[in-house]
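What follows is each chain in one-letter form.
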Amino acid sequence: MQYLYLILDIATLLGPLALSFDKKVAFYKTWKALFPAIGIMMLLFIPWDMYFTEIGVWGFNPAYLSGIYIGNLPLEECLFFIVVPYACVFIYACLKAYFPKLSWSNSLLNTIIITLFFGLVFFVFLDLSAKYTAFTFSLLGIYLLAQKYIFKSEWLNYFLLAYAISLIPFLIVNGVLTGSWIEEQVVWYSADHIIGERIGTIPVEDTMYNMLMLLMTIHFYEVFRKKTVLSSKKK
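Structure report, in brief. Fair warning: this is a prediction, and the values are worked out from it, not measured in the lab. (Residues numbered from 1 in each chain as written. Predicted model: local features only at pLDDT ≥ 70, side-chain atom pairs only at ≥ 80, totals over all residues. Heavy atoms only, no water.)

Each helix and strand in the protein was counted, giving 7 helices and 6 strands. The helix and strand sequence of the protein, counted from the amino end, reads α-α-β-β-β-α-α-α-α-β-β-β-α. Whereas a compact globule of 235 residues would reach a radius of gyration of roughly 18 Å, the protein reaches 18 Å, a difference of no more than 12%. When the backbone C-alpha atoms are referred to their principal axes, the protein occupies close to 50 × 40 × 30 Å. In the protein, buried positions account for 48% of the 235 residues. Restricting the contact set of the protein to residue pairs at least 6 apart, pairs at least 24 apart contribute 78%. Accessible surface for the protein amounts to roughly 11,700 Å². Of this, 69% is attributable to carbon and sulfur atoms. (Helix = DSSP H or I, 4+ residues; strand = E, 2+ residues; numbered from the N terminus. Rg over C-alpha atoms; globule rule 2.2 N^0.38 Å. Buried < 20%, exposed > 50% of the residue type's maximum accessible area, 1.4 Å probe, protein only. Contact = heavy atoms within 4.5 Å. Areas by Shrake-Rupley, 256 points an atom, 1.4 Å probe, with all protein chains shown as cover.)

See the structure below:
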């Protein structure tokens, strides 16, 4: 089915975009922080995507694409880095709006972050030749530690919960992209560059890739949002 990837992009965005004008969340008011944050995240993820496409870590089935490319990436893949973060940060913003007093103990956060870190390290050393695994898991592990112990981010509990919730639609959409419920894969992966563990048709690496993408976006979203709030108070 041609345009399947584009349809998935649009479907991912429609709900969060329509609900962005909810009075309690008022997500649209934070767009000045959100879109620069997405832009910074894309400065890493788009070149990374282009490079991994170039060396054959993954690729795209033209049967499901519009045929429009930016460099070696389908238009739909570039849009993915806008619509998915938008939808995920929307979930994050909803949690903060509806549960403003959500609090986790420092010991619980420490346990989660340290467990995640050593789990990521384990999978990296499971197969050092798997480029997708090694790069994604290493970068995510370092970034998680930095958020907790260097930046001392106070929003990590909201991030972790938003990520857990976002996994449900992410697994559905990514399931379709990786071949669930359709004849062929929209996005294929080289067996040489992943460890081979899958959730259905989805390489386990994709879940951590999504976590890194969301973590980076929310980091800069919070940076820009605070600057916007401070600027408004000065006026």
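With that out of the way, let us pick up helix α2 (residues 31–54). Count 3.6 residues to each turn of an α-helix, and residues three or four apart come out pointing the same way. End to end, α2 covers 33 Å across 24 residues, agreeing with the expected 34 Å (1.5 Å per residue, within 8%). At methionine 42, α2 shows its largest bend, some 35 degrees. Those residues of α2 lying buried are Ala33, Leu34, Ala37, Ile38, Met41, Met42, Phe45, Ile46, Trp48, Asp49, Phe52 and Thr53. Glycine 56 occupies a position one or two residues after α2 and carries a positive phi of about 85 degrees. (Expected span 1.5 Å × (residues − 1). Bend = angle between axes of the 7 residues up to and from the residue.)

What follows deals with the packing of aromatic side chains. Using the criterion set out here, one finds 29 aromatic pairs in the structure. Ring geometry for phenylalanine 21 and tryptophan 31: centres 5.9 Å apart, planes at 80 degrees, overall edge-to-face. Here phenylalanine 21, found in the loop between α1 (4–18) and α2, pairs with tryptophan 31, found in helix α2; they are 10 residues apart in sequence, far enough to count as distant. We classify phenylalanine 21 as partly exposed; its relative accessible area is 47%. Judged by relative accessible area, which is 26%, tryptophan 31 ranks as partly exposed. Where tyrosine 132 meets tyrosine 209, the ring centres are 5.8 Å apart and the plane angle is 70 degrees; that geometry is what we call edge-to-face. One end of the pair, tyrosine 132, is in helix α5 (residues 131–150); the other, tyrosine 209, is in helix α7 (residues 204–234), with 77 residues separating them in the sequence. In terms of burial, tyrosine 132 and tyrosine 209 fall into one category: buried. Ring-pair connections join several aromatic residues into one group, and the members of that group are Phe45, Trp48, Tyr51, Phe52, Trp58, Phe80, Phe81, Tyr132, Phe135, Tyr189 and Tyr209. Over the aromatic face of tyrosine 98 sits the side chain of lysine 24, whose NZ or CZ is 5.5 Å from the ring centroid. Positioned over the ring face of tyrosine 158 is lysine 96, at 5.8 Å from the centre of the ring. (Phe/Tyr/Trp six-rings, centres within 6.5 Å; stacked < 30°, edge-to-face > 60°. Lys NZ or Arg CZ within 6 Å of the ring centre and 35° of its normal.)

Another aspect to go through is the pattern of salt bridges. In the structure shown here, the tally under the stated rule is 2 salt bridges. As a salt-bridge pair, glutamate 222 and lysine 96 come within 2.9 Å of each other at their nearest N and O atoms. A residue pair is termed long-range when its members are at least 10 positions apart, and glutamate 222 in helix α7 and lysine 96 in helix α3 (residues 75–98) qualify at 126 residues. Among the residues examined, glutamate 222 registers a relative accessible area of 2% and is labelled buried. In this structure lysine 96 comes out as partly exposed when scored by relative accessible area, which is 26%. Several salt bridges share partner residues, and in doing so they unite Lys96, Glu222 and Arg225 into one network. (Salt bridge = Lys/Arg side-chain N within 4 Å of Asp/Glu carboxyl O.)

On to unusual backbone geometry. The bulk of non-glycine residues show a negative phi, and the bulk of peptide bonds are trans. In this structure, alanine 26 is a non-glycine residue whose phi angle is positive, near 45 degrees. On the secondary structure map, alanine 26 appears in the loop between α1 and α2. For alanine 26, a relative accessible area of 11% corresponds to the buried category. Of note in the backbone geometry, lysine 152 takes a positive phi value of approximately 50 degrees without being a glycine. With respect to the helices and strands, lysine 152 occurs in the loop between α5 and α6 (156–177). Judged by its relative accessible area of 58%, lysine 152 falls in the exposed class.

Here we take up the nonpolar core. Grouped together as the largest cluster of nonpolar side chains are 69 residues, with contacts concentrated most on Phe27, Phe45, Trp58, Phe81, Phe159 and Tyr221. Ranked by residue count, the leading element in this core is α3, at 14 residues. Setting aside anything within four residues of it in sequence, one finds phenylalanine 27 in contact with Ser20, Leu34, Tyr86, Val89, Phe90, Ala93 and Tyr221. (Core = buried A, V, L, I, M, F, W, Y, C linked by side-chain atoms within 4.5 Å.)

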